[in-house]
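The lines below spell out each chain.
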Amino acid sequence: MGENKSDVLQGTLDLMVLKTLESLGPLHGYGIARRIEQMSDDTLSLNQGTIYPALLRLQQRGWIKAEWGTSENNRRAKYYSLSRIGKKQIEKETESWERVAATMARFLTTSD
Amino acid sequence: MDWLRTLLSRCMAVFVEKKLDEELNEELGSHIEFAIQDNLRRGMSEEDARRMALKQFGGLTQVKESYRLRRGLPFFDSLGQDVRFAARQIMRAPGFAAVAILTLALGIGANTAVFTLTHALLLRTLPVRDPGELVRLLLVPIISTITFGWSPSSSPLSMRQMTFSVRSPLMPKSAV
């Protein structure tokens, strides 16, 4: 884990969490954090703890829901899954993120 | 709608704070435990695995703190704390508190009285439709001729150009 950890924009982290839950189904916080680390090839290694305020934020908006469950090694853990609102929200968030990314790309490729 | 749900969820959280705290502790405990297990599987020693897990997590206390700030209604929490603190201070020195409160009360009272007076006499506009158009006409007797005292250079004739509407004649008794 390198010293200079790139800061993750709030909305970005939210969308990463949503997409993770969409593709992997119900998952606990550690699982989500690991998945995000793996997907970003550990270049964007966030402090795993920052995932929890994000999870709370998503829960408060009603985009995800949490349930206590038991892990494969028999430990109680909170499992998060997408809610109906959350599923709809993914589309919107993806769209707005793509718009931002496209704009940024245009800035980065224009040389003059 | 998101903000409404968030507000609702924050309000609900106030009533079950203790339970939520315990849940958060357990959840974060599981997180660290999972990380340790993973690290052990990668062949770390027990001690290294724990140290690494905590390092990957980042500050446990900070996370709990920012979680709590987001959860309940921290503004009302701190407001309550301030009120309780104030009450304790008052109980501790009731004499001093009484003097302080009295001083404040007198100060506010005196200010209000003076302002009310100033407002009534100087600041408030007269109760007419267009106070800016008000004109005060004074009849000043100069050697048996009656002229308009407020425009000494102009002859009384020029005053005919202006139209006055008399809404509230304010005549000092001596002028009549």
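Here the structure is shown first, and the text comes after it.
Values in this document were obtained by computation on a predicted structure and should not be read as measured data.

(A) Local environment of the overall build of chain A. Helix and strand counts for chain A stand at four helices and three strands. Shown N-terminal to C-terminal, the secondary structure of chain A runs as helices and strands in the order α-β-α-α-β-β-α. Per-residue burial for chain A yields a buried fraction of 45% across its 112 residues. Working note: accessible area of chain A is about 6600 Å², and carbon and sulfur atoms make up 51% of it.

(B) Spotlight on the interface of chain B and chain A. Opposite the 27 residues of chain B that make contact, chain A presents 30 residues. Each partner contributes to the roughly 2600 Å² buried at the junction of chain B and chain A, and carbon and sulfur atoms together form 52% of this total. Inspection of the chain B/chain A interface yields two salt bridges. Arg76(A) serves as the salt-bridge partner of Glu26(B), at 2.9 Å between the closest nitrogen and oxygen. Where chain B packs against chain A, one counts 14 residue pairs in polar contact (both at pLDDT 80 or more). Secondary-structure elements contributing two or more residues to the side of chain B that touches chain A are α1 (2-15), α2 (17-41), α3 (46-57) and α4 (60-71) of chain B. Broken down by element, the residue count for the side of chain B that touches chain A peaks at 12 residues, all from α2(B).

(C) A look at the pairing of strand β3 (residues 76-82) of chain A. All names here are of chain A. Burial analysis of β3 places six of its seven residues in the buried class, the great majority of the element. Bridge count between strand β2 (residues 64-70) and β3: seven bridges; the pairing is antiparallel. Paired with Glu 67 across the strands is Tyr 79, a residue of β3. Taking the residues that link successive antiparallel strands as the turn, the β2-β3 hairpin has five residues, and the phi of Asn 74 there is positive, at about 60°.

(D) Just a nonpolar patch on the surface, in detail. On the surface, Trp97(A), Val100(A), Met104(A), Phe107(A) and Leu108(A) cluster together into a nonpolar patch covering about 560 Å² of accessible area. Residue classification places Leu108(A) among the exposed positions, given a relative accessible area of 67%.

(E) Spatial organisation of the pattern of salt bridges. Residue and element names in this part refer to chain B. If you walk through the whole model with that rule in mind, you get 13 salt bridges over all chains. Lys 19 is paired through a salt bridge with Glu 23; the nearest N and O atoms lie 3.5 Å apart. Taken together, the residues span about one helical turn, with Lys 19 and Glu 23 both in helix α2 at a distance of four residues. A salt bridge links Asp 48 to Arg 51; its shortest N-O distance comes to 2.8 Å. Note that Asp 48 and Arg 51 are positioned in helix α3 at a spacing of three residues, about one turn of the helix. According to the relative accessible area criterion, Arg 51 is exposed, its value standing at 53%. Salt bridges sharing common partners tie together Asp 21, Glu 65, Arg 68 and Arg 71.

(F) Representation of the sheet that holds strand β1 (residues 27-28) of chain A. Strand order in the open sheet formed by three strands is β1-β3-β2 (chain A), and the pairing between neighbours is antiparallel. In the strand order of this sheet, the two ends are held by β1 and β2 of chain A, each with one partner. The sheet contacts of α2(B) involve β1, β2 and β3 of chain A, and relative to β3(A) the element is tilted by about 95°.

(G) Region of interest: the packing of aromatic side chains. Inspection of every chain in the model, using the stated rule, returns three aromatic pairs over all chains. Aromatic pair Phe75(B) and Phe76(B): ring centres 5.2 Å apart, planes at 80°, arrangement edge-to-face. As far as the burial class goes, Phe75(B) and Phe76(B) line up, both exposed. The ring of Trp63(A) has Arg61(A) sitting right over it, with the charged end atom 4.8 Å from the ring centre. One cation-aromatic arrangement involves Arg76(A) over Trp68(A); the distance from NZ or CZ to the ring centre is 4.4 Å.

(H) View of unusual backbone geometry. Even without being a glycine, Asn74(A) presents a positive backbone phi close to 60°. Within the secondary structure layout, Asn74(A) lies in the loop between β2 and β3.

(I) Quick look at α3(B). Over its 12 residues, α3(B) extends 17 Å from the first C-alpha to the last, a length consistent with the 16 Å expected when each residue adds 1.5 Å. Looking at α3(B), one finds that the buried residues are Ala49(B), Ala53(B), Gln56(B) and Phe57(B). Buried residues in α3(B), looked at end-on, bunch into an arc of 100°, giving them a common side. Away from the buried face of α3(B) by more than 90 degrees, exposed residues Glu47(B) and Arg51(B) are located. Buried-residue contacts for α3(B) involve α3 (51-60) of chain A together with α2 and α4 of chain B.

Conventions we followed
- Residues numbered from 1 in each chain as written.
- Chains lettered and ligands numbered in written order.
- Predicted model: local features only at pLDDT ≥ 70, side-chain atom pairs only at ≥ 80, totals over all residues.
- Heavy atoms only, no water.
- Helix = DSSP H or I, 4+ residues; strand = E, 2+ residues; numbered from the N terminus.
- Buried < 20%, exposed > 50% of the residue type's maximum accessible area, 1.4 Å probe, protein only.
- Areas by Shrake-Rupley, 256 points an atom, 1.4 Å probe, with all protein chains shown as cover.
- Contact = heavy atoms within 4.5 Å.
- Buried area = accessible area lost by both parts, 1.4 Å probe.
- Salt bridge = Lys/Arg side-chain N within 4 Å of Asp/Glu carboxyl O.
- Polar contact = N/O pair within 3.5 Å; in protein donor to acceptor, adjacent residues only side chain to side chain.
- Pairing = 2+ DSSP bridges.
- Patch = residues over 30% accessible without salt bridge, like charges linked within 9 Å, V, L, I, M, F, W, Y side chains within 5 Å.
- Axes fitted to C-alpha atoms, helices over the stretch in contact; angles between N-to-C directions.
- Phe/Tyr/Trp six-rings, centres within 6.5 Å; stacked < 30°, edge-to-face > 60°.
- Lys NZ or Arg CZ within 6 Å of the ring centre and 35° of its normal.
- Expected span 1.5 Å × (residues − 1).
- Arc of directions from axis to C-beta.

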